[in-house]
Amino acid sequence: MKKLLTEVCAVLAVSVMAEPADAQVQFGAQANYADDFDFGVGARAQFGIGSLFGEGALENLTGSVSADIFFPGFCVVDCTYLEFNFNGLYPIEIEDSDLAPYVGAGLHIGRFSVESGGVTSSNTEAGLNALGGLNFDLGGLAAFAEAKIELGGYEQFILAFGILFGGAD
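Notes on the structure in this doc start here. Note that the structure is a prediction, hence the values are computed from the model and not measured.

**Considerations on the overall build of the chain**
When its secondary structure is counted, the chain shows 1 helix and 8 strands. Reading the helices (α) and strands (β) of the chain from amino to carboxyl end gives α-β-β-β-β-β-β-β-β. Burial statistics for the chain: of 169 residues in total, 34% are counted as buried. Taking contacts inside the chain between residues at least 6 apart in sequence as the whole, the part at least 24 apart equals 52%. Accessible surface computed for the chain: about 9,500 Å², of which carbon and sulfur atoms make up 64%.

**Things to note about the pairing of strand 1 (residues 25-34)**
Burial along strand 1 is one-sided: the face carrying Gln-26, Gly-28, Gln-30, Asn-32 and Ala-34 is buried and the face carrying Val-25, Phe-27, Ala-29, Ala-31 and Tyr-33 is not. In terms of strand pairing, strand 1 meets strand 2 (residues 38-48) through 10 bridges, oriented antiparallel. Residue pairing across strands places Ala-34 opposite Asp-38, the latter belonging to strand 2. Linking strand 1 to strand 2, which pair antiparallel, is a turn of 3 residues. Relative to strand 8 (residues 157-165), strand 1 runs antiparallel, the two being bridged by 8 bridges. Within strand 8, the position partnered with Gly-28 by the bridge is Leu-164.

**Topic: the pattern of salt bridges**
Using the criterion set out here, one finds 3 salt bridges in the structure. Note that Glu-146 and Arg-44 form a salt bridge whose closest N and O atoms lie 2.9 Å from each other. One end of the pair, Glu-146, is in strand 7 (residues 141-151); the other, Arg-44, is in strand 2, with 102 residues separating them in the sequence. Both residues of the pair, Glu-146 and Arg-44, count as buried.

**Section: the environment of Asp-98**
Assignment of secondary structure puts Asp-98 in the loop between strand 4 (78-91) and strand 5 (100-116). Classification of Asp-98 by relative accessible area gives exposed; the value is 72%. Not counting residues within four places of it along the chain, the set of residues in contact with Asp-98 comprises Asn-135 and Phe-136.

Thresholds applied
Residues numbered from 1 in each chain as written. Predicted model: local features only at pLDDT ≥ 70, side-chain atom pairs only at ≥ 80, totals over all residues. Heavy atoms only, no water. Helix = DSSP H or I, 4+ residues; strand = E, 2+ residues; numbered from the N terminus. Buried < 20%, exposed > 50% of the residue type's maximum accessible area, 1.4 Å probe, protein only. Contact = heavy atoms within 4.5 Å. Areas by Shrake-Rupley, 256 points an atom, 1.4 Å probe, with all protein chains shown as cover. Pairing = 2+ DSSP bridges. Salt bridge = Lys/Arg side-chain N within 4 Å of Asp/Glu carboxyl O.

Here you go:
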């Protein structure tokens, strides 16, 4: 499993580096609520990866990476959950609308850590993501709302909301 994760991360890194310098990149913050690990906050970046596939159905594909820390409310000791996501987002075209829905899929890597009495224990798991969301304008800022289900690894349902900066208007 570690070999597979290393290979996936390497392919994603090469994909990001292969993008032209003028590619649209957005970055920002997000807040999450997960059905298992409660409230979380994190950072997110989105960038065009459609040019890797040439002209056609995937030319508008967007890559999304995020890193989040969750604060589980069920812990009676010091515990945290960190999550990293690597997703591809495909836009759903709607004419004459300010709303921009999308669907996507990808990979998540989660790390749950517990510390008690000076002893730390942790576990890392990976799985797949299936998601859908909506990009919209929020008072002149680019915003998004997203629902994601994680399959395998730390399986949970997550709702996210965030603001993105940068990129072309």
